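Structural characterization, general
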Amino acid sequence: MSENILNLLNYTFFTNALLAALLASITCGIAGTYIVSRRMVFISGGITHASFGGIGIAWFMGINPVAGAAIFSILSAIGIEFVSSRSNVREDSAIGILWSLGMALGIIFIFITPGYAPNLMSYLFGSILTVGTTDLWLMTALAVFLILFFTGFYHLILFIAFDEAYARAHKAPVQLFKYLLISLVALTIVLNIRVVGIILVISFLTIPQSTANLFTHNFRNIILLSILIGIVGSVSGLLVSYYWNIPSGATIIFAFVILFALAKGFQVLMEKAMIRKQLNR
């Protein structure tokens, strides 16, 4: 088994996939912790599905679909943040509208584009084994920027995530940073579409973080632990998908769910053991 894995490393597509899994774990681990801490999972789902509109428009215009998705996602993210803070339109309504609009635009523009239609499965469910060098460089740049950004503004991000009123009381540029952070979330979503796809990327941003949150409530520790869980889940899912010849994105998410179930079971057992220990005193 170990020899087979070592032989796989001789293939460029597989080493690219492993690097993509590592970078996805880092970027989603950082951005996802902010999402879970601010309870923005539904917002992230809206941004994720809205990105499909950018893919369709980019395909129609003959430009890189990832670039189109990035622009559309960032504009959608800023729009949601603006509407939720300065408009009387309910946040969930704005998310639902953009969610539906993005998916509808994507389907329409791909349909009316003359010539060969792209394989939508690769965008909807991901194809980590087709990740190229350009994708890896973009993911690396994002990972480095996220690390530097969250390290440099850690305390401000912490206040925005947990005590926004305190940050505003101290004259911090809260709204500016909320726009910046939601834009980084949008970029993280777009650059990880190739790994697990539009449908499943939200799981990459929430399941490892929720698993980490079972053991710690410290923001920094959640980031580190969710990155570790992301690496374990994505690499194991990638290997299983390769040997069983099943979709990689879905297998990675399934591995995350199994890790969450195991962690939850372990937590329950530990709590019962603590109760027994206290009763026996």
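So, here is what we can say about the structure in this document. (Residues numbered from 1 in each chain as written. Predicted model: local features only at pLDDT ≥ 70, side-chain atom pairs only at ≥ 80, totals over all residues. Heavy atoms only, no water.)

Concerning the overall build of the protein chain
When you go through the protein chain residue by residue, the secondary structure sums to 13 helices and zero strands. Traced from its N-terminal end to its C-terminal end, the protein chain shows the element sequence α-α-α-α-α-α-α-α-α-α-α-α-α. For 281 residues, the compact-globule formula gives about 19 Å, and the C-alpha radius of gyration of the protein chain, at 20 Å, lands near that figure. In the protein chain, buried positions account for 47% of the 281 residues. Counting contacts in the protein chain only where the partners sit at least 6 residues apart, residues at least 24 apart contribute 77% of the total. Accessible surface, the protein chain as shown: approximately 14,200 Å² in total, 69% of it carbon and sulfur. Taken as two groups, the 14 positive and 8 negative side-chain charges of the protein chain have centres that lie 9 Å from each other. (Helix = DSSP H or I, 4+ residues; strand = E, 2+ residues; numbered from the N terminus. Rg over C-alpha atoms; globule rule 2.2 N^0.38 Å. Buried < 20%, exposed > 50% of the residue type's maximum accessible area, 1.4 Å probe, protein only. Contact = heavy atoms within 4.5 Å. Areas by Shrake-Rupley, 256 points an atom, 1.4 Å probe, with all protein chains shown as cover. Lys, Arg positive; Asp, Glu negative; His and termini not counted. Charge placed at Lys NZ, Arg CZ, Asp CG, Glu CD.)

Comments concerning the nonpolar core
In terms of nonpolar packing, the biggest core is built from 58 residues, with Tyr34, Ile47, Ile128, Phe150, Val195, Val196 and Phe204 touching the most fellow members. In contact with phenylalanine 150, not counting residues within four places along its chain, are Ile30, Tyr34, Ile157, Leu181, Phe219 and Ile223. Counting residues in each nonpolar core, the second largest holds 11 residues, with Ala69, Ala70, Tyr123 and Val190 among its members. (Core = buried A, V, L, I, M, F, W, Y, C linked by side-chain atoms within 4.5 Å.)

Points about the environment of valine 196
Among the structural elements, valine 196 can be located in helix H11 (residues 193–213). The class of valine 196 is buried, set by a relative accessible area of 0%. Beyond its immediate chain neighbours, meaning those up to four positions away, valine 196 contacts Leu124, Phe125, Gly126, Val201, Phe204, Gly249, Ile252 and Ile253.

Comments concerning a nonpolar patch on the surface
Together, Tyr11, Phe13, Val240, Tyr242, Tyr243, Trp244 and Ile246 line one region of the surface with nonpolar side chains, adding up to about 670 Å² of accessible area. Take the nonpolar patch: its biggest share by element is four residues, from helix H12 (residues 219–244). The exposure class assigned to tyrosine 243 is partly exposed, which follows from its relative accessible area of 34%. (Patch = residues over 30% accessible without salt bridge, like charges linked within 9 Å, V, L, I, M, F, W, Y side chains within 5 Å. Salt bridge = Lys/Arg side-chain N within 4 Å of Asp/Glu carboxyl O.)

A closer look at helix H3 (residues 41–61)
With 21 residues, H3 extends 31 Å from end C-alpha to end C-alpha; this agrees with the ideal 30 Å at 1.5 Å per step. Positive backbone phi, approximately 80°, marks glycine 62, located one or two places after H3. (Expected span 1.5 Å × (residues − 1).)

Quick look at empty space enclosed by the protein
Taken as a whole, this structure holds one cavity of 30 Å³ or more when the rule is applied. If you add up the space inside the largest cavity, you get close to 40 Å³. Taken together, Ile55, Pro65, Val66, Ala69, Tyr123, Val190, Ile193 and Arg194 make up the full set of residues lining the largest cavity. When residues of the lining of the largest cavity are traced back to their parent elements, those giving at least two are helix H4 (65–86) and H11. It is H4 that contributes the most residues to the lining of the largest cavity, three residues altogether. (1 Å grid on protein atoms, 1.4 Å probe; cavity = no way out; pocket = protein on both sides within 12 Å on 5 of 7 lines; lining within 4 Å. Points joined across faces, edges and corners; volume = space filled by probe spheres on them.)

Some details on the environment of arginine 194
Checked against the element boundaries, arginine 194 lands in helix H11. Setting aside residues up to four positions removed in sequence, arginine 194 forms contacts with Gly126, Ser127, Ile128, Thr130, Val131 and Asp135.

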